[in-house]
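# An overview of the molecular structure
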Amino acid sequence: MTTTRRNFIKNATVLSSVAAFSPHSFLAATQPLKEKLGIALVGLGYYSTDLLAPALQLTSHCELRGIVTGSPEKAAKWQQKYGIKDKNVYNYDNFDQIANNPDIDIVYVVLPPSMHREFTVRAAQAGKHVFCEKPMAPSVADCEAMIKACADHKVHLAIGYRCQHDPNIQAYMKVGKEKPFGKIKMVTSAAGYFDGRTTHWKQNKALGGGVMGDMGVYALQGARLATGEEPIAVTAQASTTRPEIYKEVEETMMFQLEFPSGALAACHTSYGINMNYLQVNYEKGWLKMEPHSAYSGNNGSLSDGTIINFENKNQQAKQMDEDAFAILNKKPLLVTGEEGLRDIRIVEAIYKAAKSGGRVKI
Ligand code: NAD
């Protein structure tokens, strides 16, 4: 118990030091800034409109300079709202001309998942760094092609896993790594919300829909990040309570993971249920987070009384700033294409397991 307590205090100190890892203090402590990188958002739907564009008004190392959209009406509104120059507005057909535009350093792909590969490859061919939203793509083959295109054209590829930039998530990753409560026995994680739409890409297989890739990756990441391990086998069950809407893709997926250390995970994701939590049971204690993958307010506690509740002013601003900073200063990116691929490899195994009803080795 004494050792555990000592480890906890050490750990608590480490956790407090994570608090200092806010974008501003972290970046201010490093070398002087060279310049801002220009970002072009591709796809001006919900996430670009409500989260990324507002976040880009708060960033220090990158800024919104361009847009790529199929809608001239949207383009006009965005130009007016964000002062975007005519020469930095593209549609999906003339997008490749972005190669000749020195204002744009990074193309951020915020389209339905089935389009991530095409626009990542075209951006790489245009010599632009790529930020790509999750899920990285519908298949492992797509992810591999995206990684290859970026490597071939010597540009960076970052996946929009905003949570990995959140000090609260970094705190539970640290507990998993340092193991103050012994081995991990069981992880339970869930990520879902009620989606009332009926004809969105999320319900369309050809566009990369299905809850597993969209929300399921948060439940999966919870288990992977909390254990710091990669699963070796999965079982899974897909279901729907609204078959009239979820004709092509699953509304709900429950999946179970086996890790090399013997840790197990029971994960849930759904478009029909509001849920967002993570629980980790160790040999000698537990960690609970609720929510664990929200835009803000991810917080939780450990069985010894430690509270995880770091301030995180704007997750998306921190993510884009840290990635831009890494590119500017030739530092490694926090979440690369390889990390996106790790999840999709497991997602493919989960679909295979749900279809066969059996245990699928990874
Ligand atoms: P959305 O449906 O609101 O927007 C999608 C955009 O793509 C729209 O502007 C639409 O016009 C455009 N589009 C172009 N071609 C299309 C086609 N053939 N079919 C449908 N739309 C087409 O979706 P969203 O919620 O903004 O999601 C976009 C991406 O961002 C997805 O990969 C999603 O998973 C991701 N996302 C990430 C987070 C996060 O927290 N990281 C949150 C929300 C969405």
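Per chain, the residues get numbers from 1 upward, laid out in the order the sequence is written. With pLDDT at 70 or above as the cut-off, local features in this predicted model cover only qualifying residues; side-chain atom pairs require 80 or more to be listed or tallied, and sums for whole chains, interfaces and linings still use all residues. Hydrogen atoms and water are omitted, and side-chain values are computed over all heavy atoms in the structure.

## With respect to helix α4 (residues 72–82)
This is how the line gets drawn: Burial status follows relative accessibility: with a 1.4 Å probe on protein chains alone, a residue under 20% of its type maximum counts as buried, one over 50% as exposed, and anything between as partly exposed. The helix count covers DSSP runs of H or I at least four residues long, the strand count covers runs of E at least two residues long, and both are numbered beginning at the N terminus. Picture the helix axis, draw a direction to every C-beta atom, and the arc is the one those directions span.
For α4, every residue scored as buried is listed here: A75, W78, Q79 and Y82. Along the long axis of α4, the arc covered by the buried residues comes to 105°, so they all point the same way. Every exposed residue of α4 that faces more than 90 degrees away from the buried side is listed here: E73, K77, Q80 and K81. Positive backbone phi, approximately 60°, marks G83, located one or two places after α4.

## Focus: the environment of K318
For clarity, the cut-off: For the purposes of these results, a polar contact is taken to be a pair of N or O atoms within 3.5 Å, where, inside protein, one atom must be able to donate a hydrogen and its partner to accept one; residues adjacent in sequence count only when each atom of the pair is a side-chain atom.
Here K318 is to be found in helix α10 (residues 315–328). Separated by 21 residues in sequence, K318 and G297 have C-alpha atoms that sit 15 Å apart. In terms of polar contacts, K318 uses its side chain to reach the side chain of E322, at 2.8 Å.

## Digging into the environment of G176
The condition is simple: Contact definition: two residues touch when any of their heavy atoms are within 4.5 Å.
Looking at the secondary structure, you find G176 in helix α7 (residues 167–178). Discounting residues that sit within four places of it in the chain, G176 has contacts with I184, A226 and T227.

## As for the pattern of salt bridges
So the rule is basically this: In what follows, salt bridge is the name for a side-chain nitrogen of Lys or Arg lying within 4 Å of a carboxyl oxygen of Asp or Glu.
Overall, the coordinates contain 20 salt bridges when judged by the stated rule. A salt bridge links E144 to R345; its shortest N-O distance comes to 3.5 Å. Linking E144 in helix α6 (residues 140–152) with R345 in helix α11 (residues 337–356), this pair joins segments that are 201 residues apart in sequence. By relative accessible area, which is 41% here, E144 ends up partly exposed. Each member of the salt-bridge network shares a partner with another, and the members are R224, E230, E339, R342 and D343.

## Points about the sheet that holds strand β10 (residues 264–270)
Strand-to-strand pairing in sheets goes through backbone hydrogen bonds, with the strands running parallel or antiparallel. Spelled out, the test is: When DSSP locates at least two bridges between a pair of strands, those strands are taken to pair. Interaxial angle, 0 to 180 degrees, is taken between N-to-C directions of lines fitted to C-alpha atoms, where a helix line uses only the stretch in contact.
Here 9 strands make up an open sheet; going across it, the order is β14-β13-β12-β11-β7-β10-β9-β8-β15 and the pairing mixed. Looking at strand neighbours, the two that pair on one side only are β14 (307–308) and β15 (360–361), the edges of this open sheet. The sheet contact formed by strand β11 (residues 272–282) and strand β12 (residues 285–289) spans 5 bridges and is antiparallel. Bridging from a neighbouring strand, Q279 pairs with K288 of β12. Across the sheet, α7 touches β7 (184–194), β11, β12, β13 (300–302) and β14, and the angle it forms with β12 is around 165°. Its contacts with the sheet place helix α9 (residues 216–227) against β7, β9 (252–258), β10 and β11, and it is angled at close to 160° to β7.

## Side note on the pairing of strand β1 (residues 37–42)
Formally: A crossover gets the label right-handed when its path from the first strand over the helix to the second runs clockwise, viewed with the strands pointing away from the viewer.
Of all 6 residues in β1, 6 are buried, a share of seventy percent or more. Of the two faces of β1, the one carrying L37, I39 and L41 and the one carrying G38, A40 and V42 are both buried. Sheet analysis places β1 next to strand β2 (residues 62–68), joined by 6 bridges and oriented parallel. Paired with G38 across the two strands is E63, which belongs to β2. For the segment spanning β1, helix α3 (residues 46–55) and β2, crossover handedness is right-handed. Here β1 pairs with strand β4 (residues 106–109) via 4 bridges, running parallel. Looking at the pairing, L41 lines up with Y108 of β4.

## Focus: the packing of aromatic side chains
Quick note on the threshold: Ring pairs are drawn from Phe, Tyr and Trp, using the six-membered ring of Trp, whenever the two centres fall within 6.5 Å, and their geometry is named by plane angle: stacked under 30 degrees, edge-to-face over 60, tilted for the rest.
Here the structure, examined in full by the defined rule, presents 9 aromatic pairs. With a centroid separation of 5.4 Å and 55° between ring planes, the pair formed by F95 and F119 is classed as tilted. With F95 in the loop between β3 (89–90) and β4 and F119 in helix α5 (residues 116–125), the pair connects residues that are 24 residues apart, well separated along the chain. For F119, a relative accessible area of 1% gives the class buried. With a centroid separation of 5.8 Å and an interplanar angle of 75°, the aromatic rings of Y193 and Y271 are classed as edge-to-face. Taken together, the residues Y193 in strand β7 and Y271 in the loop between β10 and β11 connect sequence positions 78 residues apart.

## Things to note about the site of the ligand
Formally: For this description, a residue counts as near a given molecule or strand if any of its non-hydrogen atoms is within 4 Å of it. Note on areas: these come from Shrake-Rupley sampling with a 1.4 Å probe, and a residue is covered only by the protein chains present in the view.
Near the ligand lie 22 residues; those nearest to it are Y46, E133, K134, R162 and H200. Interatomic distance of 2.9 Å between a backbone N/O atom of Y47 and an oxygen atom of the ligand. Taking H200, its side chain carries an N or O atom lying 2.8 Å from an oxygen atom of the ligand. When the ligand is considered free in solution it has 840 Å² of accessible area, and contact with the protein chains removes 80% of it.

## Overview of the domain arrangement of the chain
This is how the line gets drawn: What fixes the domain bounds is an automatic or database domain assignment. Once two parts are brought into contact, the accessible area they lose, counted with a 1.4 Å probe and summed over both, makes up the buried area.
Assigned domains of the chain: these are domain 1 (32–162) and domain 2 (167–311 + 336–361). Between domain 1 and domain 2, the contact holds 20 residues from the first and 22 residues from the second. Both sides together, the interface formed by domain 1 and domain 2 hides about 1,800 Å², and carbon and sulfur atoms give 64% of it. By the criterion of area lost to domain 2, the three top residues of domain 1 are V140, Y161 and R162, representing 34% of everything that side buries. Our count for the contact surface shared by domain 1 and domain 2 stands at 2 salt bridges. K134 is the salt-bridge partner of D214, the closest N and O atoms lying 2.9 Å from each other. Counting every contact that joins domain 1 to domain 2 gives 10 residue pairs in polar contact (both at pLDDT 80 or more). Elements that contribute at least two residues to the side of domain 1 that touches domain 2 include exactly α3, α6 and β6 (157–159). A total of 4 residues in the side of domain 1 that touches domain 2 trace back to one element, the largest contributor, which is α6.

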